[in-house]
Amino acid sequence: MIYKRSSALFAEAQKVIPGGVNSPVRAFKAVGGDPIFVKEAKGAYLYDEDGNSLIDYINSWGPMILGHAHTPVVNAVIEKAKKGTSFGMPTEIETEIAELAVSMVSNIDKIRFVNSGTEACMSAVRLARGFTNRDKIIKFAGCYHGHSDSFLIQAGSGAVTFGSPNSPGVTAGTAKDTLLARYNDLDNVKNIIDSNKGEIACIIIEPVAGNMGCIPPVEGFMEGIRALCDDNDILLIFDEVMTGFRLAKGGAQELLGIKADIVAFGKVIGGGLPVGAFAAREEIMNHLAPLGPVYQAGTLSGNPLAMAAGLAMLKELNDYPEIFDSINKKTQYLHEGISKVLNEKNIVHTINRKGSMISVHFSEEAVVDFESAAKGNNDIFKKFFHGMLAQGIYIAPSAFETWFISEALTYDDLDKTIAAVSIVAEDLF
């Protein structure tokens, strides 16, 4: 495929936008080359500025669960835009989507809408600290909760080591209150809690990790986390920005059978428009201003266009729950097809999958945490990425990102993808 127009647009963008992109992963630094500039999208397909069509497996990093330009969502946005795009005042549709979201997730009473997943996670942690009157939090290496200072922390040398900043601009004072744990290692979490008795406000975790590839929790891990939180008066925050309303109507909580104390949402809940939310039982949410002392605000929170898109999306998922079974079966079909091809070609790999999230790791060992994910052969992944792109398949431009399957994908699309893997596999070594 030819990408002259995209390359020219990227060169132009770099003159006025840092790195030429407004979010780093878009820059293709992990795989090399110039990013693809999209002109439009419909269903399971992207159409770029050079006239190429691509089967899409990132789906705007998750929210396009029903495909791009889904008619009910588009129509809802158009009709709402005709009446005004933003007011900075309460609107009825905010209550309507809040009531629907609360009804779909069984253990939340109230929800507050914000403008991004980052804002949702940041606010959830602030609320947890305010509710518990404690400062420290536990997060997991490889779990991404947005670019708030508290989350841009890398692991220290020991299991109980304070975090150190992972980005200039994050202060050591902020970092010291973030404790790093290993995903899927319950003993590690217990040791951290034992070393910080009575100081930890919350544990924040992706219940199914999506930012080191798709990594589901091993058996007993999430149940153990819930028990540790109960035993130590620690709030459990599920970052369901990716998994919420994607893995099930009630998100990962429903799928895993684990109840979190606070849940952060994003992606699907906005139907493709920028939005986030966090929710909890009434006792916790009533600590938020204007009812309580924990301050959180946003001028454009509850934007009517985002609310309209999100409401249209949630209505479909609520009214047609068979979508989840359908999309999960498609993901399983893709998993089995790719694995069969790579096995036949004797290419070392492991594939992780949970619901409609999936990732291919070129690693000979199980990928259960950030450390094992980092052992994958990135050189092979780069060849795989560009090979798939040449075959008209767009996957995440990083070995540390989940693929997101949409219901718009047909089995013909999946067969084309599996056939592309077969072609690309010939050139991987």
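## Side note on the overall build of the protein
- What the protein contains, in helices and strands, is 14 helices and 16 strands.
- For a compact globule of 429 residues, the expected C-alpha radius of gyration is about 22 Å, and the protein comes in at 21 Å, within 12% of that figure.
- Here the C-alpha coordinates of the protein stretch approximately 55 × 55 × 45 Å along the principal axes.
- Evaluated residue by residue, the protein yields a buried proportion of 55% over its 429 residues.
- A separation of at least 24 residues holds for 72% of the contacts in the protein among residues at least 6 apart in sequence.
- Side-chain charges in the protein split into 38 positive and 51 negative, and the spacing between the mean points of these groups amounts to 3 Å.

## Details of the pairing of strand β12 (residues 276–280)
- In terms of residue burial, β12 counts as a mostly covered element, since five of its five residues are buried.
- Burial of β12 is two-sided: the residues Gly276, Phe278 and Ala280 facing one way and the residues Ala277 and Ala279 facing the other way are all buried.
- Of the strand pairs in this sheet, strand β4 (residues 110–114) and β12 are connected by five bridges, and their pairing is antiparallel. The residue bridging Phe113 from the neighbouring strand is Ala277, located in β12.
- Pairing between strand β11 (residues 262–265) and β12: four bridges, direction antiparallel.

## Topic: the confidence of the model for the protein
- Looking at the protein as a whole, its pLDDT mean stands at 93, while 97% of the residues score no less than 70.
- Below a pLDDT of 50 lies the segment residues 155–163, which in the model reaches 20 contacts outside its immediate sequence neighbourhood of four places, other chains included.

## With respect to the pattern of salt bridges
- Counted according to the given criterion, the structure contains 17 salt bridges.
- Note that Arg182 and Asp185 form a salt bridge whose closest N and O atoms lie 3.0 Å from each other.
- The exposure class of Arg182 is partly exposed, given its relative accessible area of 36%.
- The partner of Glu426 in a salt bridge is Lys345, and the shortest N-O contact between them spans 2.3 Å. Of this pair, Glu426 sits in the segment after α14 (411–425) while Lys345 sits in the loop between α11 (322–344) and β13 (350–354); the two residues are 81 residues apart in sequence, bridging distant segments of the chain.
- One network of salt bridges, with partners in common, ties together Arg226, Asp230, Asp261, Arg281 and Glu283.

## Re the packing of helix α6 (residues 186–194) against helix α7 (residues 221–231)
- Viewed as axis vectors pointing N to C, α6 and α7 meet at an angle of 15°, and their least axial separation amounts to 10 Å. Viewed along their axes, α6 and α7 adopt a mutual orientation that is roughly parallel. Here the hand of the crossing between α6 and α7 comes out right-handed. For the pair α6 and α7, contact is made by Leu186, Val189, Lys190 and Ile193 and by Phe221, Gly224, Ile225 and Leu228, respectively.
- Of the residues that constitute the contact of α6 with α7, the class distribution is six nonpolar, one polar and one charged.

## Some thoughts on the sheet that holds strand β14 (residues 357–361)
- Strand order in the open sheet formed by three strands is β13-β14-β16, with antiparallel pairing between adjacent strands. Looking at strand neighbours, the two that pair on one side only are β13 and β16 (403–404), the edges of this open sheet.
- Both β14 and β16 contribute to a ladder of two bridges, which runs antiparallel. Opposite Met357, over in β16, you have Phe404 as the bridge partner.
- Packed onto the sheet, α11 meets β13, β14 and β16 and runs at close to 175° relative to β13.

## So, the environment of Glu199
- With respect to the secondary-structure elements, Glu199 resides in the loop between α6 and β9 (200–205).
- A relative accessible area of 36% places Glu199 in the partly exposed class.
- Placed 90 residues apart in sequence, Glu199 and Asp109 show a C-alpha to C-alpha distance of 27 Å.
- In contact with Glu199, other than residues within four places in its own chain, are Arg134, Asp135 and Lys136.

## Section: the nonpolar core
- Judged by nonpolar contacts, the single largest core of 111 residues is most densely connected at Tyr57, Phe140, Ile203, Phe245, Phe265 and Leu317.
- Per element, the largest residue contribution to this core is 10 residues, and it comes from helix α10 (residues 304–319).
- In contact with Tyr57, not counting residues within four places along its chain, are Leu334, Ile393, Tyr394, Ile395, Trp403, Phe404, Ile405, Leu409, Asp413, Leu414 and Thr417.
- Ala128, Leu235, Ile262 and Val294 belong to the second-largest nonpolar core, a separate cluster that totals 22 residues.

Rules of the game
Residues numbered from 1 in each chain as written. Predicted model: local features only at pLDDT ≥ 70, side-chain atom pairs only at ≥ 80, totals over all residues. Heavy atoms only, no water. Helix = DSSP H or I, 4+ residues; strand = E, 2+ residues; numbered from the N terminus. Rg over C-alpha atoms; globule rule 2.2 N^0.38 Å. Buried < 20%, exposed > 50% of the residue type's maximum accessible area, 1.4 Å probe, protein only. Contact = heavy atoms within 4.5 Å. Lys, Arg positive; Asp, Glu negative; His and termini not counted. Charge placed at Lys NZ, Arg CZ, Asp CG, Glu CD. Pairing = 2+ DSSP bridges. pLDDT = per-residue confidence, 0-100. Salt bridge = Lys/Arg side-chain N within 4 Å of Asp/Glu carboxyl O. Axes fitted to C-alpha atoms, helices over the stretch in contact; angles between N-to-C directions. Parallel < 35°, antiparallel > 145°, perpendicular 65-115°, else oblique. Left-handed = near helix turned anticlockwise from the far one by under 90°. Nonpolar A, V, L, I, M, F, W, Y, C, P; charged D, E, K, R; others polar. Core = buried A, V, L, I, M, F, W, Y, C linked by side-chain atoms within 4.5 Å.

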